[in-house]
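Observations on the three-dimensional arrangement
What follows is the residue order along each chain.
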Amino acid sequence: MEHNVTVSHTPFTATVLGLPRVGPRRELKRATESYWAGRIDAEQLHAVARELRRAQLSELRSAGLDSVPVGTFSYYDQMLDTAVLLGALPARVASIADPLDRYFAAARGTDTIEPLEMTKWFDTNYHYLVPEIDSGTTFSLNPEQLLAQLAEAREVGVAARPVVIGPITFLKLAKSAGERTLDRLPELVRLYRELLVQLAAAGAEWVQIDEPVLVTDLTEDEIALVRLTYTELAAVEQRPAILVATYFGRPGAALPALAETGIDGVALDFVSGTTVPEVSVLRDKLLVAGVIDGRNVWRTDLDRALETLRDLAGSTGAVAVSTSCSLLHVPYGLAAETGLDEGLRSWLSFGAEKVTEVRTLATGLHQGADAIEDQLVATRAALAARRADPRLHDPAVRARLAALGPDATRRAPAEQRRELQSERLRLPALPTTTIGSYPQTSAIRLARAALRKGEIDQAEYQRRMRAEIADVVALQEKLGLDVLVHGEPERNDMVQYFAEQLDGFAATENGWVQSYGTRCVRPPILYGDVARRDPMTVDWITYAQSLTDKPVKGMLTGPVTILAWSFVRDDQPLADSARQVALAIRDETVDLEAAGIRIVQVDEPALRETLPLRAADQPAYLEWSVGAFRLATAGVADSTQIHTHLCYSEFGEVIDAIAGLDADVTSIEAARSRMEIVEDLRSAGFDLGVGPGVYDIHSPRVPSVEEITASLRTALKVIPAERLWVNPDCGLKTRGPAEVELALRNMVAAAQAVR
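The residue numbers shown here count from 1 along each chain, following its written sequence. For this predicted model, a pLDDT threshold of at least 70 governs which residues receive local features, and a threshold of 80 or more governs which side-chain atom pairs are given and counted, while totals over whole chains, interfaces and linings are taken from all residues. Each side-chain value is derived from all of the structure's non-hydrogen atoms; neither hydrogens nor water enter the calculation.

**Considering the overall build of the chain**
Cut-off, in case you're wondering: What counts as a helix is a DSSP run of H or I of at least four residues, what counts as a strand is a run of E of at least two, and both are numbered from the N terminus. As defined in this context, the radius of gyration uses C-alpha atoms, and a globule is described by 2.2 Å times the residue total to the power 0.38. Burial classes: relative accessible area under 20% of the type maximum marks a residue as buried, over 50% as exposed, and values in between as partly exposed (1.4 Å probe, protein chains only).
Secondary structure assignment for the chain yields 26 helices and 20 strands. What you see for the chain is a C-alpha radius of gyration of 26 Å, in line with the 27 Å of a compact globule of 755 residues. Expressed along its principal axes, the backbone C-alpha trace of the chain runs to roughly 75 × 60 × 50 Å. The buried share among the 755 residues of the chain stands at 59%.

Next comes the structure, spelled out in structure tokens:
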């Protein structure tokens, strides 16, 4: 194919595809929440953001990167930023005059405005906001924020590369009522053409257009749209050089389609499956080779990565070294970690260390291995020490798993269990419950900090947590809920709490990673075989149960979610790790039952998010993930009711697997998606208990009794009353006590009205 446009550009050699933005000490989180609370104004919030960006730019320039991404900073979410860039915010926020408040209204909602739906970003634990496109959406270009960040970087002498979400990914991930989102592609291409011209005028030599959707299964027509779109964008005169970035997998047929266009570079993920032979189609283009894992925390095997880079160098025009994806998914750096043992620490690479690895490999590629010999020797020693560490293999755990027979994952038929549980629990129709956590108050956080600092002892901490549990149980009794929870005041995070009590895991002190908006987590590090040392929850749950005659749920996290929200081993199949974690959770369910707990909830919100992006890879995953859940839950009697919880993913695609979990009751996010899951349940013939969430806990708005009643009546069209439960979308830890009480009162009133 002939191209009429020639773009003069200098290939760069070392970069990363994106950057974290919450701050190494969560500075942006605190500032944003202070803005929401009215404690600071917009200019003070912007000042915190500017300082974080400038510090990051300075660090990356000092590290030796010769191309630095800008535009990946966000106050909440980059997909939401793209909706602003393209004038695609929903009409319901248009009445809010202030742009920043309008932005946050779309993200979080208000007392009167529903937020955008939120779901998982491909197969990661990051949540993005789902754009809404309808016939009233009139796209318009609003590049002010991106241009400002470009100017900010150029002012300090950084070789800045603006980054935007690509038009195909944006539309494929958007939702539309009554039309195919990709039908709007010509409108967006016009805006992206205009954007390219403005970025060039502002001094951008390169622009990165992120198209991760290209690593999913696309139709032939969609591949043709990829070719057409980037042929048109490449034909723009006076534009920057275009780098199309794919990640989280291999682009397959989309790669030769891109190669046929006049774009100038392609970023590929060599950690998640792309192979050297595939790049031969790129010919004279810059290949940005993602040989350093941007999603996990293990030290890179520099010898192997350098060998891959050398092989690539003969297959394309030029090679730059990069991370496989944005560093959004890993902590900022190891410098803040003082509690890790030195052996484990030497195996790890966080964000700052990955930047160093990028620069090291770029030097080795262009100057030869002798130029990085010291780094190669140190890496070899660390990797050898890791392979030899006895903590990686526990013979007792492996022998126990090997001895399990097929009955280890089986329970009696659901109908038989339902009769036994009905007789034992004696619940009303449409039983009400919550998902698990209650607000983490300042008193709880202060007590946890005091224990960590040694200001109080374990006995005093336990006394304070028991007081919190008693308050939560009393509140639920007052509100009239049918199945209670203990509120989880003792838990810092639903995965970290368990990981800290299991052999084979390590926790960080400051390894914060953004999950969504201002919500940050510290994913544990799974480095060895997993075993439960002692019961983890029994004392807390049995104390709560002693305060009430109503059933209190035992609250556990499932094996798939523990793995999905941890940094996992890369030296054995994930399925093997899942079975080890499942065995530990199984022991806990058996102990809870023995202590008199009648309902045990094993949450698996990550079941869908870990689903492989290619359909061909999904059956094997679903087989082992469902098997791990059933191994974790099949050790209890049929009269003990097993619940699970799933949230913030598109679960219609895995509805058969949800049924395969064989949980007696599944609570599932449904409020933001307006009960979409109900139709999926109907189509699949789902015949187990289900609680589609009746209000969105990630928004500060309190739903009315009438709104919840309408949701329940929608659900009852598909789900028989004897199998329908009433619950929020998710846990309540991020909400305030006053709004929680009011929302739950409305929920109970709605359930009573429908009964």
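**Here's the deal with the packing of helix α25 (residues 705-716) against helix α26 (residues 737-754)**
For clarity, the cut-off: Inter-axis angles, ranging from 0 to 180 degrees, are taken between N-to-C directions of lines fitted to C-alpha atoms, where helices are fitted over the stretch in contact. Angle categories: roughly parallel below 35 degrees, roughly antiparallel above 145, roughly perpendicular from 65 to 115, and oblique for all the rest. Note on convention: near helix rotated counterclockwise from far helix by under a right angle means a left-handed crossing. Clockwise means right-handed. Contacts between residues were defined by any pair of non-hydrogen atoms, one from each residue, lying within 4.5 Å. Residue classes follow a fixed rule: Ala, Val, Leu, Ile, Met, Phe, Trp, Tyr, Cys and Pro count as nonpolar, while Asp, Glu, Lys and Arg count as charged, and any other residue, Gly among them, counts as polar.
In the contact formed by α25 and α26, the axes pass within 8 Å of each other and the chain directions differ by 50°. Viewed along their axes, α25 and α26 adopt a mutual orientation that is oblique. Relative to α26, α25 is oriented so that their crossing is right-handed. Here α25 contributes Val705, Ile708, Thr709, Leu712, Arg713 and Leu716 to the contact with α26, which in turn contributes Ala743, Asn746, Met747, Ala749, Ala750, Ala751, Ala753 and Val754. Per-class residue counts for the contact of α25 with α26 are eleven nonpolar, two polar and one charged.

**Here we look at the environment of Arg532**
Keep this limit in mind: As used in this structure description, the phrase polar contact means that two N or O atoms lie within 3.5 Å; if the pair is within protein, one of them must be able to donate a hydrogen and the other to accept it, and residues adjacent in sequence are counted only when both atoms belong to side chains.
Within the secondary structure, Arg532 is located in strand β15 (residues 525-532). In this structure the C-alpha to C-alpha distance between Arg532 and Asp341, which are 191 residues apart in sequence, comes to 20 Å. Setting aside chain neighbours within four positions, we find Arg532 in contact with Leu502, Ala584, Asp587, Glu588 and Asp591. A polar contact is formed between the side chain of Arg532 and the side chain of Asp591, at a distance of 2.8 Å.

**Considering the nonpolar core**
Short version of the rule: For our purposes a nonpolar core is just a set of buried Ala, Val, Leu, Ile, Met, Phe, Trp, Tyr and Cys residues, chained together by side-chain atoms within 4.5 Å. For each domain, the first and last residues come from an automatic or database assignment.
In this structure, Trp121, Phe170, Tyr230, Val291, Leu348 and Leu361 are the most contacted members of the largest nonpolar core, which totals 117 residues. For this core, the element with the most residues is helix α7 (residues 185-201), which contributes eight residues. There are two domains that each give this core at least three residues, and those are domain 1 (14-386) and domain 2 (427-754). Aside from chain neighbours lying at most four places away, what touches Tyr230 is Gly166, Pro167, Ile168, Ile209, Glu211, Val244, Leu258, Thr261 and Ile263. Grouped together as the second largest cluster of nonpolar side chains are 100 residues, Leu607, Val694, Val726 and Val740 included.

**Brief notes about the UniProt feature "binding site: L-homocysteine" (unreviewed entry) in the chain**
Rules: UniProt positions are given in the numbering used here, feature names are shortened, and annotations may be inferred rather than shown by experiment.
Look at the UniProt record and you will see "binding site: L-homocysteine" (unreviewed entry) annotated at Ile435, Gly436, Ser437, Glu488 and Asp603. Their sequence span is 169 residues, while the largest C-alpha to C-alpha distance among them is just 13.6 Å; these annotated residues converge on one region. If sequence neighbours within four positions are ignored, Ile435 has contacts with Lys553, Met555, Gln601, His645, Ser667, Asn727, Pro728, Asp729, Cys730 and Gly731. By the secondary structure assignment, Glu488 is in the loop between α17 (458-479) and α18 (496-499).

**Comments concerning helix α12 (residues 351-367)**
Definition in use: One less than the residue count of a helix, multiplied by 1.5 Å, gives the span that helix is expected to have.
Along its 17 residues, α12 runs 24 Å from first to last C-alpha, staying within 8% of the 24 Å computed at 1.5 Å per residue. Among all positions in α12, only Gly351, Lys354, Val355, Glu357, Val358, Thr360, Leu361, Ala362, Thr363, Gly364 and Leu365 are buried. Of the surrounding secondary structure, the elements contacted by the buried residues of α12 are α2 (42-63), β10 (283-292), α10 (302-313), β11 (316-323) and α13 (373-388). Positive backbone phi, at 100°, marks Gly368, one or two positions downstream of α12.

**Some remarks on the domain arrangement of the chain**
Counted only if it meets this: Buried area adds together the accessible area that both of two parts lose upon being put together, with accessible area traced by a 1.4 Å probe. Definition used for salt bridges: Asp or Glu carboxyl oxygen within 4 Å of a side-chain nitrogen of Lys or Arg.
Its domain assignment divides the chain into domain 1 (14-386) and domain 2 (427-754). Just the C-alpha atoms count here: the centres of domain 1 and domain 2 sit 31 Å apart. Facing the 59 residues of domain 1 at the interface are 45 residues of domain 2. In total, about 4400 Å² of surface goes out of reach between domain 1 and domain 2, with carbon and sulfur atoms giving 50% of it. On the surface where domain 1 and domain 2 come into contact, there are three salt bridges. Residue Glu609 is joined to Lys120 by a salt bridge in which the shortest nitrogen-to-oxygen separation is 2.1 Å. Counting the contacts that link domain 1 with domain 2 gives 23 residue pairs in polar contact (both at pLDDT 80 or more). Broken down by secondary-structure element, the contributors of at least two residues to the side of domain 1 that touches domain 2 are α1 (27-36), α4 (99-108), β2 (118-120) and β3 (127-129).

**A few points about the side chain of Asn510**
Inspection of the secondary structure puts Asn510 in the loop between β12 (502-506) and β13 (513-516). Engagement of the side chain of Asn510 in a polar contact is seen with the backbone oxygen of Ala336, the distance being 3.2 Å. Here Asn510 is in contact with Pro24, Arg25, Ala336, Glu337 and Arg522, once residues within four sequence places are set aside.

**Description of the sheet that holds β10**
This is how the line gets drawn: Pairs of strands are assigned from DSSP output, requiring at least two bridges between the strands.
Overall, parallel pairing links the seven strands, which are arranged β1-β5-β7-β8-β9-β10-β11 in an open sheet. Looking along the sheet, the strands with just one partner apiece sit at the ends: β1 (68-70) and β11. Each adjacent strand pair in this sheet contributes to an overall mean axis angle of 30°, direction not counted. Relative to β10, strand β9 (residues 265-269) runs parallel, the two being bridged by five bridges. Within β10, the residue paired with Asp269 across the bridge is Gly290.

**Observations regarding the sheet that holds strand β17 (residues 599-603)**
By definition, the strands of a sheet pair up through backbone hydrogen bonds, in either a parallel or an antiparallel sense. Strand order in the open sheet formed by five strands is β16-β17-β18-β19-β20, and the pairing between neighbours is parallel. Looking at which strands have only one partner, the edges of the open sheet turn out to be β16 (553-557) and β20 (689-692). Each adjacent strand pair in this sheet contributes to an overall mean axis angle of 20°, direction not counted.

**Structural notes on the state of the cysteines**
Selection rule: In what follows, a disulfide is any cysteine sulfur pair within 2.5 Å.
Throughout the structure, instances matching the rule amount to zero disulfides. In this structure Cys520 is not part of a disulfide, and its nearest cysteine sulfur, from Cys730, lies 16 Å away. The exposure class assigned to Cys730 is buried, which follows from its relative accessible area of 16%.

**Concerning helix α5 (residues 144-155)**
The condition is simple: Comment: arc refers to directions from the helix axis out to C-beta atoms.
Here α5 spans 16 Å end to end across twelve residues, near enough to the 16 Å set by a 1.5 Å rise per residue. Buried within α5 are the following residues: Leu146, Gln149, Leu150, Glu152 and Ala153. The buried side chains of α5 occupy one side of the element, clustering within an arc of 160° when seen end-on. Of the exposed residues in α5, those oriented more than 90 degrees away from the buried face are Glu144 and Glu155.

**Some thoughts on the side chain of Ser324**
Counting through the fold element by element, Ser324 comes out in the loop between β11 and α11 (342-346). Since its relative accessible area comes to 1%, Ser324 is described here as buried. In this structure Ser324 touches Leu17, Thr246, Tyr247, Asp269, Val271, Gly290, Ile292, Asp293 and Gly294, once residues within four positions along its chain are discounted.

**Describing the packing of helix α3 (residues 78-85) against α4**
Two numbers describe how α3 lies on α4: the axes approach to 11 Å, and their chain directions differ by 130°. Between α3 and α4, the angle is such that the two are oblique. Crossing of α3 over α4 shows right-handed handedness. Contacts from Leu80, Asp81 and Val84 in α3 reach Tyr103, Ala106 and Ala107 in α4. Among the residues making up the contact of α3 with α4, the classes are represented as five nonpolar, no polar and one charged.

**Some details on the packing of aromatic side chains**
Here is the rule we go by: Ring pairs shown here join Phe, Tyr and Trp side chains whose ring centres sit within 6.5 Å, with only the six-membered ring taken for Trp; geometry is labelled stacked below 30 degrees between planes, edge-to-face above 60, and tilted in between. Whether a charge sits over a ring depends on NZ of Lys or CZ of Arg being within 6 Å of the ring centre and within 35 degrees of the ring normal.
Applying the stated criterion to the full structure yields 13 aromatic pairs. Ring geometry for Trp36 against Tyr76: centres 6.3 Å apart, planes inclined by 45°, an arrangement best described as tilted. Of the two residues, Trp36 is situated in helix α1 and Tyr76 in the loop between β1 and α3; the sequence distance between them amounts to 40 residues. In this structure Tyr76 comes out as buried when scored by relative accessible area, which is 3%. For the ring pair Tyr247 and Phe248, a centre distance of 4.8 Å and an interplane angle of 85° mean the geometry is edge-to-face. Since its relative accessible area comes to 6%, Phe248 is described here as buried. Aromatic rings pair up to connect Tyr35, Trp36, Tyr76, Tyr103 and Phe104 into one cluster. Directly above the ring of Trp36 sits Arg108, whose terminal nitrogen or CZ lies 3.6 Å from the centroid.

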